[in-house]
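Chain by chain, the residues run as shown.
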Amino acid sequence: MALTADSLPNDVETLKAMVIAADAARLNAEAEAHARALLIEQMKFTIAKLRHEKFGQSSERGARLEQLELALADMEENASEAEAAAQMAAAAAASKNIKVQGFERRRPARRPLPEHLPRERIVYPSPSACPCCGGALHKLGEDVTETLEVVPRQWKVIQHVREKFSCRTCEAITQPPAPFHPIARGRAGPALLAHILFAKFGLHLPLNRQSVTYAREGVALDVSTLADWVGTCAATLMPLVLLIRAHVFAAERIHADETTVKVQAKGQCRTGRLWTYVRDDRPFGGLDPPAAKRTSIRPTAPASIPRSIWRAMPA
């Protein structure tokens, strides 16, 4: 039904309410359009990914997938922003006693929060008496809403104190032995070294980025220091690496896989190769523990790591 000058009310408040309702309806339509566009782009992303995995070159495939992932993230943000705006507009129209069709974007099913995480209970105070008649209250139950939170990482310095004592009789000095350190005369604890190694080899986070991150947290660790720690840990763990390698290569059946990775070099990125060998006899009734061994070819060695340590680093 088209609006005419005669059909419009003369009341200013009613006209304002109609404008708010029309604006809310417009936002709902825009939100629906964003949702449809998001679904279309998701389909395009999936199709492009499958095509490039089958036909595209590795460099083209990586660049294209990164662009699509960035575009998809932007579209999801825009869709969430449009949904929030539509909800706020609907709430404003509801305060004017106007019915506006709400917009709900289909969301994926929520996964339950991990059970192994510790739980912290925050109990909100309840009234001690009935707010209506002042009578006594009896607890019927409780509603629990869980939210996921993170505690920022904390740095600390552990002081290893070794007290000295002298004998009054023979004047001999007694002192407990020095504690064990993973790196001789090093100031890094085992947990810190494990974190640096996992960030570098498990998360593929370069040492220069780790150094910048630690500096922002108030701990200055130079890249050369981190490189020395990584090289020393690699040389220290070499006997364990050799034992794992001997265990893997002693299997009757070995599964192998080759993966190419980009390695940062001076002025350009070069291609490194990783070969992973896995033994797992459990599907064949074997009782030996499974294990994996990774061998790599590095196109170049960073200048910050001495050659002797670089050659001793586990492949």
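Residues numbered from 1 in each chain as written. Predicted model: local features only at pLDDT ≥ 70, side-chain atom pairs only at ≥ 80, totals over all residues. Heavy atoms only, no water.

1. Let's talk about the pattern of salt bridges
Pairing between side chains of opposite charge can happen when the charged atoms of each approach one another.
Line of reasoning, step 1. Across all of its chains, the model carries 10 salt bridges by this definition.
Line of reasoning, step 2. Residue D280 is joined to R282 by a salt bridge in which the shortest nitrogen-to-oxygen separation is 2.9 Å.
Line of reasoning, step 3. Shared partners join several salt bridges into a network, and the residues in it are E252, R253, R279, D281 and D288. (Salt bridge = Lys/Arg side-chain N within 4 Å of Asp/Glu carboxyl O.)

2. Some points on unusual backbone geometry
Of all residues except glycine, most have a negative phi; of all peptide bonds, most are trans.
Line of reasoning, step 1. In this structure, E171 is a non-glycine residue whose phi angle is positive, near 60°.
Line of reasoning, step 2. Structurally, the position occupied by E171 is in the loop between strand 1 (165-166) and strand 2 (173-174).
Line of reasoning, step 3. A positive phi angle is found at H204, which is not glycine, with a value near 55°.
Line of reasoning, step 4. Here H204 lies in the loop between helix 3 (190-202) and helix 4 (207-216). (Helix = DSSP H or I, 4+ residues; strand = E, 2+ residues; numbered from the N terminus.)

3. Notes on the packing of aromatic side chains
Line of reasoning, step 1. One pass over the full model with this rule turns up two aromatic pairs.
Line of reasoning, step 2. Taken together, a centroid distance of 5.3 Å and an interplanar angle of 75° make the contact between W155 and Y214 edge-to-face. Of this pair, W155 sits in the loop between helix 2 (58-95) and strand 1 while Y214 sits in helix 4, and the two are 59 residues apart along the sequence.
Line of reasoning, step 3. For W155, a relative accessible area of 31% translates into the label partly exposed.
Line of reasoning, step 4. Note on Y214: relative accessible area 2%, which makes it buried.
Line of reasoning, step 5. Measuring from centroid to centroid gives 5.4 Å for F249 and Y277, while their planes differ by 80°, and the two rings are edge-to-face. Of this pair, F249 sits in helix 6 (residues 238-249) while Y277 sits in strand 4 (residues 268-279), and the two are 28 residues apart along the sequence.
Line of reasoning, step 6. Given the relative accessible area of 24%, Y277 is considered partly exposed. (Phe/Tyr/Trp six-rings, centres within 6.5 Å; stacked < 30°, edge-to-face > 60°. Buried < 20%, exposed > 50% of the residue type's maximum accessible area, 1.4 Å probe, protein only.)

4. Quick look at helix 3
Line of reasoning, step 1. Under the 1.5 Å per step criterion, the end-to-end length of helix 3 is 17 Å for 13 residues, consistent within 8% with the ideal 18 Å.
Line of reasoning, step 2. Those residues of helix 3 hidden inside the fold are in contact with helix 4 and helix 5 (223-236).
Line of reasoning, step 3. Downstream of helix 3 by a residue or two, H204 has a phi angle that is positive, lying close to 55°. (Expected span 1.5 Å × (residues − 1). Contact = heavy atoms within 4.5 Å.)

5. Let's talk about the side chain of D281
Line of reasoning, step 1. Here D281 shows up in the loop between strand 4 and strand 5 (291-297).
Line of reasoning, step 2. Apart from the residues lying within four places of it in its own chain, the contact partners of D281 are R253 and G286.

6. With respect to helix 5
Line of reasoning, step 1. Counted at 1.5 Å a residue, the expected span for helix 5 with its 14 residues is 20 Å, and the 20 Å between its end C-alpha atoms agrees.
Line of reasoning, step 2. All buried positions along helix 5 are accounted for by L226, A227, W229, V230, G231, C233 and A234.

7. Digging into the nonpolar core
Line of reasoning, step 1. Membership of the largest hydrophobic core comes to 13 residues, with the highest contact counts inside it found for L193, I196, L207, L226 and W229.
Line of reasoning, step 2. Of all the secondary structure elements, the ones that give two or more residues to this core are helix 3, helix 4 and helix 5.
Line of reasoning, step 3. Broken down by element, this core gets its largest block of residues, five residues, from helix 5.
Line of reasoning, step 4. Apart from residues lying up to four places away in sequence, W229 is in contact with I183, A188, L192, L193, I196 and L221. (Core = buried A, V, L, I, M, F, W, Y, C linked by side-chain atoms within 4.5 Å.)

Shape descriptors only; they carry no functional weight alone.
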